[in-house]
Every structure is written in C-alpha cells, then in structure tokens.
Amino acid sequence: MHLKIAILPGDYIGPEVMAVAIPVLENVLKKSGHTLEYSVHDVGGAGIDNHGKALPDSTLEACRAADAILFGSVGGPKWEKLPPKEQPERASLLPLRKHFRLFANVRPGLLLKNLIETSPIRPDRIPNGVDMVCIRELTGGLYFGAKSTTTLADGDIEAIDTMVYRKSEIERITDVAIATARARRKHITLVDKANVLETSVLWRKVVGDRIKATAPDITLAFIYIDNAAMQMVLKPGQFDVVLTENMFGDILSDEMAVVCGSLGMMASASLGMDINRHGKGYGLYEPSGGTAPDIAGQDKANPCAQVLSVALMLRHSFGLEAEAKAIELAVEKTVADGIRTADIAGGAKAVGTKAMGQAILARL
Ligand code: NAD
C-alpha cells in the first residue's frame with residue numbers, strides 16, 4: 001500500500017513530538033513493506049507567522065491531496081492577543097474539521113497497568129487500569145449553533161449560544177459508536193442532560209432506536225452529564241464506549257484524559273464521511289493535549305500521544321491493524337520498562353522527548 005499523508009506539526013511542542021512520530025511511522029511501514037509519501041506544512045501560529053493565515057491555502061491543498069492528516073497542536077501565548085476569530089486553534093483546527101466534515105472525535109482513554117500510579121484516582125478504585133473510548137460529536141451543538149451578543153434597550157447585555165441537533169447527525173455518530181463498541185466490550189453509555197434539554201431527549205430517542213434496529217448485540221445505558229462527571233472519577237472502569245454531544249464531550253474527554261494519567265499519553269482521531277483512495281475513512285489524527293508552552297523547547301514533552309495518533313491513523317484510515325498494534329505495544333513496552341518522560345515518571349528519573357522516541361523505536 002502507498003500511504004500519502006499531510007503532516008501539520010503546528011506550534012511549541014508540536015514539532016518536537018512530531019519529530020519523534022515521523023520515524024516511528026517510517027519504521028513500521030518499512031518493516032511491513034508499505035511505502036510512505038508525506039509532506040510537512042505550516043498550520044496555526046506557524047501559518048500566521050509564515051503565510052499570514054492560520055490555515056494557509058497550500059496547507060489545505062496538501063490535506064485535500066492526502067489520504068489522512070497527521071496533526072500536532074496549535075496556539076500559545078505568542079498569538080493570544082489576536083482577536084478570538086484569528087486565534088490559531090479557532091482559525092485552523094475548526095475550519096479543518098468543518099472543511100473535511102470531521103463529525104466524530106474518537107478518543108481512547110487507556111490507563112496502562114504500569115501507569116496506574118500516574119492517575120489521580122486511588123489505585124484500589126482502578127485495579128485493572130482504565131480502558132474506555134469517548135466518542136464526541138464534533139460539528140454540531142453549541143459550538144456551531146447561531147450566536148449573538150446584543151445590548152438591550154435597558155443597557156443590559158445579552159449573549160446567546162444555540163444548541164441544535166438533527167436526527168441524521170445523531171444517527172451517523174451513533175453508527176461510529178456502534179462500530180467502536182463492536183470491536184470492544186459491546187457497551188455504550190450515552191451521556192446527556194435529558195431531564196432539561198430538548199436536544200438530549202432527541203439524542204436518547206435516536207440512539208435508542210438506532211441500536212435497537214441495527215445493533216441488538218450492543219447494550220446501552222443512559223447517564224446524565226453531572227453524574228457522568230462524578231462516575232468518571234469514582235469508578236472509571238465501568239465505562240466502555242462513552243457517546244456524547246459536542247460540549248459535554250469536550251469537557252468529559254479531558255476529565256477522562258486526566259483519569260488516565262497524562263495528556264501526554266492520549267491520542268485522538270477526528271473522522272468524517274469522506275473515503276480516501278484506499279476505501280477507508282479520511283481522518284485527522286492528533287494528540288489530545290495542546291501545545292504545552294510551559295515545557296516547549298526543553299526536550300520535556302511526552303511524545304507518546306503523537307506516536308499513538310500514528311497508530312490510530314494506520315488503523316482507521318488505512319486498515320493497518322497489525323502495524324497500529326505494533327506501535328501501541330512498543331509504547332506500552334517502553335513505559336513498562338520504566339522509560340518515562342517527566343509527566344509520567346512520578347518523580348523518578350525521567351528521560352527527554354528524543355530519548356523516549358529512541359526507546360519506542362528500539363522496541364518497535
Ligand atoms: P495543554 O494541553 O497545552 O497543557 C496543559 C498541561 O498539560 C500543561 O502543563 C502541559 O505541560 C501538559 N502537557 C500537554 N501535553 C503534554 C505532553 N505531550 N507532554 C507532557 N506534558 C504535556 O493546554 P493549555 O496549556 O490549556 O493550552 C496551551 C495552548 O494549546 C493554547 O494556546 C491552546 O489553545 C492550545 N491547544 C491546542 C489544541 C490543539 O491544537 N488541538 C488543543 C488544546 C489546546
């Protein structure tokens with residue numbers, strides 16, 4: 001197979017962790033006889049600095065021509081004085097999601113047994129680690145509904161965000177959750193606020209009907225977002241696939257990442273309806289965390305999230321399961337051998353980004 005990938009490292013730690021992920025990708029493909037063609041492009045702050053635009057036309061063009069996008073992360077203090085609409089994340093990542101109709105964010109929350117002590121959760125509450133996947137709707141809800149800020153006649157100021165969902169939007173993300181659950185423990189938990197929100201009532205009905213009609217092998221549970229936030233720290237092991245709308249998923253998936261130890265270990269996939277040249281889903285793959293300006297340029301960032309995003313890409317956009325698994329096992333073995341960056345070292349001696357990358361490569 002010939003893989004064509006657009007690589008967008010972004011800002012601060014983005015290029016540092018991408019420099020680790022690229023050799024891992026090259027190495028695993030070389031070993032399995034596949035060929036790789038990739039090009040590297042500016043995005044986010046780097047796009048603003050070098051092209052006057054967070055999502056330069058040349059970058060978008062390269063993404064269009066590729067089978068998948070490998071993304072780093074964007075933004076940081078250098079650009080935070082720009083108007084909100086021009087901020088790197090808002091002006092590059094959101095348009096990319098919109099352009100490629102990436103409506104499903106799939107974020108695995110895996111706490112390896114060897115890393116249980118890095119979780120803020122008491123070890124006796126998670127004797128078997130944590131293994132769940134959060135499926136977040138990504139292009140609807142409050143973040144994309146109509147917005148306005150109005151000064152009223154009496155001088156008061158009113159701001160409005162609108163939450164809109166259609167049956168068809170809920171059905172397509174439910175199908176992603178069903179496919180994910182089928183490859184796992186076959187249980188979906190729908191997180192909503194159906195006691196208050198109309199959209200949540202629709203979610204419950206559509207998800208329930210869809211599973212009943214197309215996936216009787218899957219069990220379904222409903223939970224309110226407030227209780228879900230509690231259960232995520234009380235008993236995270238109870239979750240298999242967590243399905244939810246955009247804003248709840250934004251918050252809950254970060255909570256999940258913290259429960260699982262470190263943002264530096266969490267990768268995510270944003271998937272759409274488009275099919276690439278290999279008949280697989282076009283997608284954008286990135287670490288769950290941001291640009292970590294506090295540790296950038298110091299060889300301190302954990303590259304595992306970026307490396308694991310390569311595994312997600314090989315699995316979802318190319319169907320290369322064995323290669324994806326090989327990368328995941330190499331990361332797991334590195335951590336099990338006690339080789340860890342500062343965020344997961346628990347105070348013990350840590351290695352730097354580059355050494356962590358070498359250790360992963362050596363175990364691939
Ligand atoms: P952040 O995720 O960058 O950092 C939060 C904390 O996690 C920091 O202490 C950081 O050092 C740590 N961390 C994150 N990734 C790490 C890694 N790989 N290894 C070790 N530690 C890691 O969140 P923030 O500080 O709120 O945001 C910084 C910038 O990143 C902001 O400009 C924000 O807009 C941007 N951001 C971008 C994305 C994206 O591109 N998808 C996502 C989130 C935040």
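Located above this text is the structure these notes cover.
Model, not experiment: these values are computed from the prediction. (Residues numbered from 1 in each chain as written. Predicted model: local features only at pLDDT ≥ 70, side-chain atom pairs only at ≥ 80, totals over all residues. Heavy atoms only, no water.)

Caption draft 1: A look at the site of the ligand. Surveying the vicinity of the ligand reveals 20 residues, the closest of which are Val74, Gly76, Glu89, Gly290 and Ala292. Here an oxygen atom of the ligand and a backbone polar atom of Gly76 are 2.9 Å apart. When the ligand sits alone it has 810 Å² of accessible area, and the protein chains cover 67% of it. For the shell around the ligand, a count of residues per class yields eight nonpolar, eight polar and four charged. (Near = heavy atom within 4 Å. Polar contact = N/O pair within 3.5 Å; in protein donor to acceptor, adjacent residues only side chain to side chain. Areas by Shrake-Rupley, 256 points an atom, 1.4 Å probe, with all protein chains shown as cover. Nonpolar A, V, L, I, M, F, W, Y, C, P; charged D, E, K, R; others polar.)

Caption draft 2: Representation of unusual backbone geometry within the structure. In this structure, Tyr12 takes a positive phi of about 45° despite not being glycine. Position of Tyr12 relative to the elements: it lies in the loop between strand E1 (2-10) and helix H1 (13-31). By relative accessible area, which is 27% here, Tyr12 ends up partly exposed. Positive phi is not limited to glycine here, since Asp299 has a value of about 55°. Relative to the elements of secondary structure, Asp299 occurs in the loop between strand E12 (281-287) and helix H9 (304-318). (Helix = DSSP H or I, 4+ residues; strand = E, 2+ residues; numbered from the N terminus. Buried < 20%, exposed > 50% of the residue type's maximum accessible area, 1.4 Å probe, protein only.)

Caption draft 3: Structural context of the sheet that holds strand E3 (residues 68-73). Within the open sheet, the 10 strands sit side by side as E2-E1-E3-E12-E11-E4-E5-E10-E8-E9. Their pairing is mixed. Every interior strand has two partners, whereas the edge strands, strand E2 (35-40) and strand E9 (219-224), have only one. Averaged over all pairs of adjacent strands, the angle between strand axes in this sheet comes to 20°, irrespective of strand direction. Sheet contacts for helix H7 (residues 225-234): strand E5 (130-137), strand E8 (187-192) and E9; angle to E9, the most-contacted strand, approximately 105°. (Pairing = 2+ DSSP bridges. Axes fitted to C-alpha atoms, helices over the stretch in contact; angles between N-to-C directions. Contact = heavy atoms within 4.5 Å.)

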